[in-house]
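Architecture at a glance
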Number of protein chains: 2
Amino acid sequence: MTVSKTAEKSSGKSADPAKGRKDATEVQSEALQLGELSEQLGYVLKRAQLKVFENFLRCMASLQLTPAQFSVLLLVEKNPGRNQTEIASTLGILRPNFVAMLDNLESRDLCARIRSTNDRRSHILVLTDKGKAVLARAKKLVATKHEARLNELLGQANREALLAMLSKIASEF
Amino acid sequence: MTVSKTAEKSSGKSADPAKGRKDATEVQSEALQLGELSEQLGYVLKRAQLKVFENFLRCMASLQLTPAQFSVLLLVEKNPGRNQTEIASTLGILRPNFVAMLDNLESRDLCARIRSTNDRRSHILVLTDKGKAVLARAKKLVATKHEARLNELLGQANREALLAMLSKIASEF
DNA sequence: GATATTTGATATGGTCTATAACAATTATCA
DNA sequence: TGATAATTGTTATAGACCATATCAAATATC
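Reading the values: the criteria
Residues numbered from 1 in each chain as written. Chains lettered and ligands numbered in written order. Predicted model: local features only at pLDDT ≥ 70, side-chain atom pairs only at ≥ 80, totals over all residues. Heavy atoms only, no water. Helix = DSSP H or I, 4+ residues; strand = E, 2+ residues; numbered from the N terminus. Buried < 20%, exposed > 50% of the residue type's maximum accessible area, 1.4 Å probe, protein only. Contact = heavy atoms within 4.5 Å. Areas by Shrake-Rupley, 256 points an atom, 1.4 Å probe, with all protein chains shown as cover. Least-squares fit on C-alpha atoms with pLDDT ≥ 70 in both. Pairing = 2+ DSSP bridges. Expected span 1.5 Å × (residues − 1). Phe/Tyr/Trp six-rings, centres within 6.5 Å; stacked < 30°, edge-to-face > 60°. Buried area = accessible area lost by both parts, 1.4 Å probe. Salt bridge = Lys/Arg side-chain N within 4 Å of Asp/Glu carboxyl O.

Going by what an unreviewed UniProt entry lists, chain A is known as MarR family transcriptional regulator and is assigned to Bradyrhizobium nanningense.

Okay, here's the thing in structure tokens:
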């Protein structure tokens, strides 16, 4: 330990951290400087991702779909007749962790596991009629409430450029 | 359940999922179609974030610093004399979860808690000399191995545009 | 000076992620 | 063919991360 243990005063101000509810005679503790942090791609990327997921969950509150569940429904709809391993692996979900997820979707009658006749080890995944209906409503919510918000924040062109760069990072980094 | 339980054949092909190591007479199972998934900002954002963190950890392997730990060191260096609550909250870390994190950094002699003389409840955070040295090396690694990789993938201008858009999302979404 | 608030800390639970292992089934190949 | 290896879905389990309630010590408030 190379640091003196006798503390200098933290600052001349009061102990109130960052809420600014002292009266006007007190200089409220100024906000912290992010410094190089705001230039760190990983940091900003993570914060943005949390905000986007948060907004997604709010938009989907009526359907009770998480981003991960939505991605499963989308992928199963686009690729009917695939088994759990295939769906899970393309989503980056490990097979063991995919089981509980499917249990959930199946218990809500959104998708179904069907024992394959080709390979009786595997379960073919399909959307139920209810699953298709829910997914259709989910897509509309995402388009009108979620992605629309993005467009009005960034503009259509910027939003597409952002998507392209993120895709490049996701696939080539 | 509105789906017939008698499975149709998953496809005409073999059971080999996506690895393509059957011989040439077999049509290997084609890759799944991502479809609308590749247009979902949240999905691409999450995948990109995972890749970036993964690369960060590889670049920092010699220093054993996670992105979160790096952000703490950066913030403490930039804001000496702040207490745990202030540092944690600006990083979006809850106070209870920040304790173990600091225990780790302090046990490695990278930062130190100093009891404040102003407010004897709070712990002032500072970097030790070793912490400053390690952070300096970490910054170099990030700049030369991590961010440099981003620049060569996207180009300087695009990288800055990406950062700007992500910052906007993180703060205004 | 009595009450409320703040700080760091502990305990705890939930979710997400990662690995090992198992039974049933299928593939491989001697 | 039949013995062995590999695959599929599953369970169990452990770790990381995140969130809430609660506590003692210290401080603020009135």
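Summing up its helical and strand segments, chain A has 6 helices and 2 strands in all. Listing every helix and strand of chain A by position from the N terminus yields α-α-α-α-β-β-α-α. Buried residues in chain A amount to 45% of all 173 residues. Here the contacts in chain A between residues at least 6 apart in sequence split such that 45% fall between residues at least 24 apart. Accessible surface for chain A amounts to roughly 9,000 Å². Of this, 52% is attributable to carbon and sulfur atoms.

Okay, the relation of the copies chain A and chain B next. It takes a turn of 180° to lay chain A on chain B, together with a shift of 0.0 Å along the axis; the resulting RMSD is 0.0 Å. Interpreted geometrically, this transformation is the action of a two-fold axis. Closest approach to the rotation axis within chain A is made by the C-alpha atom of Leu162(A), at a distance of 3.2 Å. Interface overlap between copies is the fraction of interface residues in one copy that are interface residues in the other; for chain A against chain B it reaches 100%, indicating a shared surface.

The next subject is the pairing of strand β1 (residues 111-115) of chain B. Residue and element names in this part refer to chain B. Where burial is concerned, most of β1 is hidden: 4 out of the 5 residues are buried. Sheet topology places β1 next to strand β2 (residues 123-127); 5 bridges connect them, and they run antiparallel. Each bridged residue has a counterpart across the sheet, and for cysteine 111 the counterpart in β2 is leucine 127.

Counting through the fold element by element, Asn55(A) comes out in helix α1 (residues 41-59). Not counting residues within four places of it along the chain, the set of residues in contact with Asn55(A) comprises His146(A), Arg149(A) and Phe173(B).

We now examine the environment of Asn55(A). Overall, Asn55(A) belongs to the buried group, its relative accessible area being 6%. Sequence-wise, Asn55(A) and Lys145(A) are 90 residues apart; in three dimensions their C-alpha atoms are separated by 9.1 Å.

Before going further, it helps to spend a moment on helix α1 (residues 41-59) of chain B. Count 3.6 residues to each turn of an α-helix, and residues three or four apart come out pointing the same way. Over its 19 residues, α1(B) runs 27 Å from end to end, which matches the ideal 27 Å to within 8%, given 1.5 Å per residue. Residues of α1(B) that are buried include every one of Leu41(B), Gly42(B), Tyr43(B), Val44(B), Leu45(B), Ala48(B), Gln49(B), Val52(B), Asn55(B), Phe56(B) and Cys59(B), and no others.

Now for the packing of aromatic side chains. All names here are of chain A. The final tally for this structure, using the stated rule, is 2 aromatic pairs over all chains. Ring centres of phenylalanine 56 and phenylalanine 70 lie 5.5 Å apart, and the angle between their planes is 55°; on these two criteria the pair is classed as tilted. Taken as a pair, phenylalanine 56 in helix α1 and phenylalanine 70 in helix α2 (residues 67-78) lie far apart in primary sequence, 14 residues in all. An identical accessibility class is assigned to phenylalanine 56 and phenylalanine 70; each is buried.

The accessible area lost on association of the parts is a frequent measure of interface size. Counting residues at the interface gives 87 residues for chain A, matched by 88 residues for chain B. Summed over both sides, the interface of chain A with chain B buries roughly 8,000 Å², with 66% coming from carbon and sulfur. Ranking the residues of chain A by area buried against chain B places Leu32(A), Leu41(A) and Phe173(A) at the top, with a combined share of 11%. Seen at the junction of chain A and chain B, the total is 2 salt bridges. Between Glu36(B) and Lys139(A) there is a salt bridge; the shortest N-O distance is 2.7 Å.

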